[in-house]
Amino acid sequence: MKKFSKITVAAIAIITLFNFAACSKPKASENKGAGNQTVGTNQTDNGKKSDSSNHTTQPNPDIEKLNAVYAKMSSRFKSEVKIEEPYEFLADLKTVLEAEKQYAGDDLPLYFLIDKTHTVGADYEPKNLVALVKNDDYVINKTTLSLRPDAAKALSVLGRAAQKDGVMLDVSSTYRSYEYQKNLFDYWVRVDGLEEAERESARPGTSQHQLGVAVDFGSIDDNYDKTPGGKWMYAHAAEYGWSLSFPKEYEDITGYRWECWHFRFIGVEACRFQKKWFNDVQQYMLEFIDEWKKS
Ligand SMILES: [Zn+2]
């Protein structure tokens, strides 16, 4: 967006609003008429939109922005994420960004990207952390657990849903302060050496746990997905807005080896969006949204 003048930006904003208000999701037949605007297969037509009832043919700024953001993604992202229905994608993106507004508006956005290169400071602590106490919804394995209010509420809903299926979830780790994460990382460096520690433990300022939206369940080891809790989480977590952050065979993307016990709350809408468009890889979706917001 930097290359545009202010006037251009304003004009794009007006056109964008008009497009969303007037035709947020064209019918399939209209999509076909949009000139094979598949993103990720080099079949775009620079965002020129035409349909049979149309009077004007003009660049669609959202399609152009989509192409620009997509172009910035990694080569593996591009090999796995193909946006074959860009108008449908944009409508879903709008839904998911709207959904984000319902969560902790006074804190970092729910989809905030944090990883080895996107960090928060030592002084960042979520607002209004909720201490997790003994309750009927799930088991707490420690008395020092806490989460952001939206994640805490969602964890209760998740726990109650699991119990309806006869499964009791147990919560082992939640919010971690910068200082705590620093000690934890240093501990794993001492135990496993730096290289191994980097694969499984986050450096301070880079952990989803510092955001107060991530939970480690059960045993915090590779056997968790074979337990009743792990199996249930794999099958149902997304229905309640919880997403596996570090899936198998994505270490080059997430920076971490498979962690079957670590889930992040991102909301039901984002879980659907992730599954539908991003090969169910949370990191892909959060990187895309981050770039979209910055562009
Ligand atoms: Zn974790």
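Worth saying up front: this structure is predicted, and the values here are computed from it rather than measured.

(A) The arrangement of the overall build of the protein in detail. If you tally the helices and strands in the protein, you get 12 helices and nine strands. Taken over 295 residues, the protein has a buried fraction of 47%. Sequence separation of at least 24 residues holds for 67% of the intrachain contacts in the protein that already meet a minimum separation of 6. If you sum the accessible surface of the protein, you get close to 14900 Å²; carbon and sulfur atoms cover 53% of it.

(B) Main features of helix α6 (residues 149–164). In this model, α6 (16 residues) spans 23 Å end to end at C-alpha, consistent with the 22 Å of a helix rising 1.5 Å per residue. Along α6, the positions that sit buried rather than exposed are Asp150, Ala151, Ala152, Ala154, Leu155, Ser156, Leu158, Gly159, Ala161 and Ala162. After α6 finishes, the residue Gly166 shows a positive phi value of roughly 80°.

(C) Inspection of the state of the cysteines at higher detail. One pass over the structure, following the stated rule, counts zero disulfides. Counting only cysteine sulfurs, Cys271 is the nearest neighbor of Cys260, a cysteine outside any disulfide, at a range of 17 Å.

(D) Up close: the coordination of the zinc ion. On the protein side, the zinc ion has His209 (NE2), Asp216 (OD), Asp216 (OD) and His262 (ND1) as donor atoms, found 2.0 to 2.7 Å from it. Here the zinc ion binds four donor atoms, and the angle range of 53 to 153° at the metal identifies the geometry as irregular. Each donor residue of the zinc ion lies on the same chain, and together they follow the pattern H-x6-D-x45-H. Taken as a pair, His209 and Asp216 share a single burial class, namely buried.

(E) Quick peek at the confidence of the model for the protein. Taken over all residues, the pLDDT of the protein has a mean of 86, while the share at 70 or more is 81%. Segment residues 1–36: pLDDT under 50, and 35 contacts once partners within four positions in sequence are set aside and those in other chains are kept. Across the assembled chains, the prediction reports ipTM 1.00 with pTM 0.83.

(F) Geometry of a nonpolar patch on the surface. Together, Tyr187, Trp188 and Val191 give the surface a local cluster of nonpolar side chains, amounting to about 280 Å² of exposed area. You can call Val191 partly exposed: its relative accessible area is 44%.

(G) Just the sheet that holds strand β9 (residues 262–265), in detail. Pairing within the open sheet is mixed, and its five strands lie in the order β4-β6-β7-β9-β8. Strands with a single pairing partner mark the edges of an open sheet, and in this sheet they are β4 (139–140) and β8 (242–244). As judged from the two bridges shared by β4 and strand β6 (residues 170–173), these two strands associate in the parallel manner. Bridging from a neighbouring strand, Val139 pairs with Asp170 of β6.

(H) Structural context of the packing of aromatic side chains. For the structure on display, the rule yields 19 aromatic pairs. Ring geometry for Tyr187 versus Trp188: centroids 5.1 Å apart, planes at 75°, classification edge-to-face. Summarising the aromatic geometry, the rings of Phe273 and Phe278 are spaced 5.2 Å apart at their centres and angled 70° between planes, so their arrangement reads as edge-to-face. For the pair formed by Phe273 and Phe278, the shared burial category is buried. Aromatic rings pair up to connect Tyr70, Phe77, Phe89, Tyr250, Phe273, Trp277, Phe278, Tyr284, Phe288 and Trp292 into one cluster. We note Arg76 situated over the ring of Tyr250; from NZ or CZ to the ring centre the distance is 4.0 Å. Between Lys248 and the ring centre of Trp258, over which it is positioned, the NZ or CZ distance is 4.2 Å.

(I) How the structure looks around the packing of helix α3 (residues 61–72) against helix α12 (residues 282–294). Packing of α3 against α12 leaves a shortest axis separation of 10 Å and a crossing angle of 125°. Overall, the two elements α3 and α12 adopt an arrangement that is oblique. For the pair α3 and α12, the sense of crossing is right-handed. Between α3, through Asp62, Lys65, Leu66, Val69, Tyr70 and Lys72, and α12, the contact on the second element is made entirely by Phe288, Glu291 and Trp292.

(J) Summary view of the pairing of β6. Relative to strand β7 (residues 214–217), β6 runs antiparallel, the two sharing two bridges. Its bridge partner being in β7, Val171 is matched across the sheet by Phe217.

(K) Just α3, in detail. Between its first and last C-alpha, α3 extends 17 Å over 12 residues, near the 16 Å set by a 1.5 Å rise per residue. Looking only at α3, the buried set comprises Pro61, Asp62, Ile63, Leu66, Asn67, Val69 and Tyr70. For α3, the side-chain oxygen to backbone nitrogen distance between the N-cap and Asp62 is 2.8 Å, and the N-cap itself is Asn60.

(L) A look at the pairing of β7. Residues Ala214 and Asp216 point to one face of β7 and Val215 and Phe217 to the other, with burial holding for every one of them. The sheet contact formed by β7 and β9 spans three bridges and is antiparallel. When the sheet's bridge partners are listed, Asp216 is paired in β9 with His262.

Conventions and cut-offs
Residues numbered from 1 in each chain as written. Predicted model: local features only at pLDDT ≥ 70, side-chain atom pairs only at ≥ 80, totals over all residues. Heavy atoms only, no water. Helix = DSSP H or I, 4+ residues; strand = E, 2+ residues; numbered from the N terminus. Buried < 20%, exposed > 50% of the residue type's maximum accessible area, 1.4 Å probe, protein only. Contact = heavy atoms within 4.5 Å. Areas by Shrake-Rupley, 256 points an atom, 1.4 Å probe, with all protein chains shown as cover. Expected span 1.5 Å × (residues − 1). Disulfide = S-S within 2.5 Å. Donors = N, O, S within 2.8 Å, 3.2 Å for Na, K, Ca; no water. Tetrahedral: all angles 85-135°; square planar, octahedral: opposite > 155°, others 65-115°. pLDDT = per-residue confidence, 0-100. Patch = residues over 30% accessible without salt bridge, like charges linked within 9 Å, V, L, I, M, F, W, Y side chains within 5 Å. Salt bridge = Lys/Arg side-chain N within 4 Å of Asp/Glu carboxyl O. Pairing = 2+ DSSP bridges. Phe/Tyr/Trp six-rings, centres within 6.5 Å; stacked < 30°, edge-to-face > 60°. Lys NZ or Arg CZ within 6 Å of the ring centre and 35° of its normal. Axes fitted to C-alpha atoms, helices over the stretch in contact; angles between N-to-C directions. Parallel < 35°, antiparallel > 145°, perpendicular 65-115°, else oblique. Left-handed = near helix turned anticlockwise from the far one by under 90°. Polar contact = N/O pair within 3.5 Å; in protein donor to acceptor, adjacent residues only side chain to side chain.

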